[in-house]
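Listed below are the residues making up each chain.
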Amino acid sequence: MEISLQGKNILVTGASRGIGAAIAQQLGKSGARVAVHYGRNAEKAQEVANAAGNGAQVFRADLNNDAACQQLFADVIAAFGRVDVLVNNAGIAIQSSLDATHEQWVQDWNQTMQVNLTATAILSRLAIIHFQQGSGGRLIHIASRAAFRGDTADYMGYAASKAGMVALSRSIARAYGKQGITSFVIAPGFTATEMAQDFIDEYGMEYAMQGVALDRLTKPTDLAPTIVLLASGLSDHATGCTIDMNAGSYVH
């Protein structure tokens, strides 16, 4: 089965590298016009947009800032006219020990929640309002197996933020399905990205491979085809679901 996303406009956050870059490029190869969001690396983002083709454009926004989240969505609408699918991929994982000062620990927690959950919620809200004015749309949230099984003590904030994404997605699916709005979660485990490398450097590859049923870590390109399927509308009756894509390291 070949899936065409011709005519669809899709915003992917955190698309200058890693999972987001692979998603953006796969969506482009399938015919979509992609809004490639980035935070800092304009050059990498433009490379992704060039690879995606189909008139893909780059959009900068600091997701630490609520107003910047709003401006991002407005900028994409101004450039593309409409958005059909929102992929909430951007995320951070801050190693934060209980031995840190109270102020530092709370700062790490708040920043993690802001980028991983609050920015996701703001963009989702704007997308829902936009979808209600048209003929519906789709939201795809890149969470983590940590939302379900937890994480190490130093990454409690990360796990909690991803669990919040799951609850948000399920609530959207339940509330807005009859308006043609669907919402899905992808839950990766360790994926071979720069962000995961920090954890691997700390805990070791052997730890990262614990429980993995296959012979290697998941790559960003292993995730991207499923996002294409969800974006196409062919799986709308899976709305509210979580798809475990972690090489069998955690299934529920």
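Here we summarise the structure given alongside this text. Worth saying up front: this structure is predicted, and the values here are computed from it rather than measured. (Residues numbered from 1 in each chain as written. Predicted model: local features only at pLDDT ≥ 70, side-chain atom pairs only at ≥ 80, totals over all residues. Heavy atoms only, no water.)

**Topic: the nonpolar core**
Thinking step 1. With 30 residues, the main nonpolar core has Ile10, Leu27, Val87, Ile140 and Ile227 as its most contacted residues.
Thinking step 2. Residue assignment for this core shows that the elements contributing at least two residues are β1 (9-12), α1 (18-29), β2 (33-38), α2 (42-52), β4 (85-88), β5 (137-142), β6 (181-188) and α9 (220-232).
Thinking step 3. Leaving out residues up to four positions away in the same chain, isoleucine 227 has contacts with Ile23, Leu27, Val87, Ile140, Ile142 and Ile186.
Thinking step 4. Counting residues in hydrophobic clusters, the runner-up holds 23 residues, among them Phe59, Phe73, Ala90 and Ala119. (Core = buried A, V, L, I, M, F, W, Y, C linked by side-chain atoms within 4.5 Å. Buried < 20%, exposed > 50% of the residue type's maximum accessible area, 1.4 Å probe, protein only. Helix = DSSP H or I, 4+ residues; strand = E, 2+ residues; numbered from the N terminus. Contact = heavy atoms within 4.5 Å.)

**Comments concerning the packing of α1 against α9**
Thinking step 1. Look at α1 against α9: their axes get within 8 Å of each other, and the N-to-C directions meet at 50 degrees. Taken together, the axes of α1 and α9 are oblique relative to one another. When you trace α1 past α9, the crossing you get is right-handed. Contacts between α1 and α9 involve Gly18, Ile19, Ala22, Ile23, Gln26 and Leu27 from the first element and Pro220, Thr221, Leu223, Ala224, Pro225, Ile227, Val228 and Ala231 from the second.
Thinking step 2. When the residues that make up the contact of α1 with α9 are grouped by side-chain class, the tally is eleven nonpolar, three polar and no charged. (Axes fitted to C-alpha atoms, helices over the stretch in contact; angles between N-to-C directions. Parallel < 35°, antiparallel > 145°, perpendicular 65-115°, else oblique. Left-handed = near helix turned anticlockwise from the far one by under 90°. Nonpolar A, V, L, I, M, F, W, Y, C, P; charged D, E, K, R; others polar.)

**Quick notes on helix α7 (residues 194-203)**
Thinking step 1. Inspection of α7 places Ala196, Phe199 and Ile200 among the buried residues, and these make up the whole buried set. The buried residues of α7 occupy an angular sector of 100 degrees when the element is viewed end-on, so they sit on one face. Among the exposed residues of α7, those pointing more than 90 degrees away from its buried face are Glu194, Asp198 and Asp201.
Thinking step 2. Along its buried surface, α7 packs onto α8 (205-208).
Thinking step 3. Once α7 finishes, glycine 204 follows within two positions and takes phi at roughly 95 degrees, a positive value. (Arc of directions from axis to C-beta.)

**Overview of the pattern of salt bridges**
Thinking step 1. Per the counting criterion, the structure on display carries three salt bridges.
Thinking step 2. Between aspartate 236 and arginine 138 there is a salt bridge, with its nearest N and O atoms 2.8 Å apart. Taken together, the residues aspartate 236 in the loop between α9 and β7 (242-245) and arginine 138 in strand β5 connect sequence positions 98 residues apart.
Thinking step 3. The residue arginine 216 makes a salt bridge to aspartate 222 at a minimum N-O spacing of 2.8 Å.
Thinking step 4. Its relative accessible area of 36% is what places arginine 216 among the partly exposed residues. (Salt bridge = Lys/Arg side-chain N within 4 Å of Asp/Glu carboxyl O.)

**Some remarks on the sheet that holds β4**
Thinking step 1. Judged by pairing direction, the sheet is parallel, and its seven strands sit side by side in the order β3-β2-β1-β4-β5-β6-β7 without closing on themselves. Since the sheet does not close on itself, it has two edges, and those belong to β3 (57-60) and β7, each with one partner. Across this sheet, the average inter-strand angle for adjacent strands is 20 degrees, counted without regard to direction.
Thinking step 2. By the bridge criterion, four bridges tie β1 to β2 in an arrangement that is parallel. Bridge assignment links leucine 11 to a residue of β2, and that residue is alanine 35.
Thinking step 3. Against the sheet, helix α6 (residues 156-176) engages β4, β5, β6 and β7, with an angle of about 155 degrees to β6. (Pairing = 2+ DSSP bridges.)

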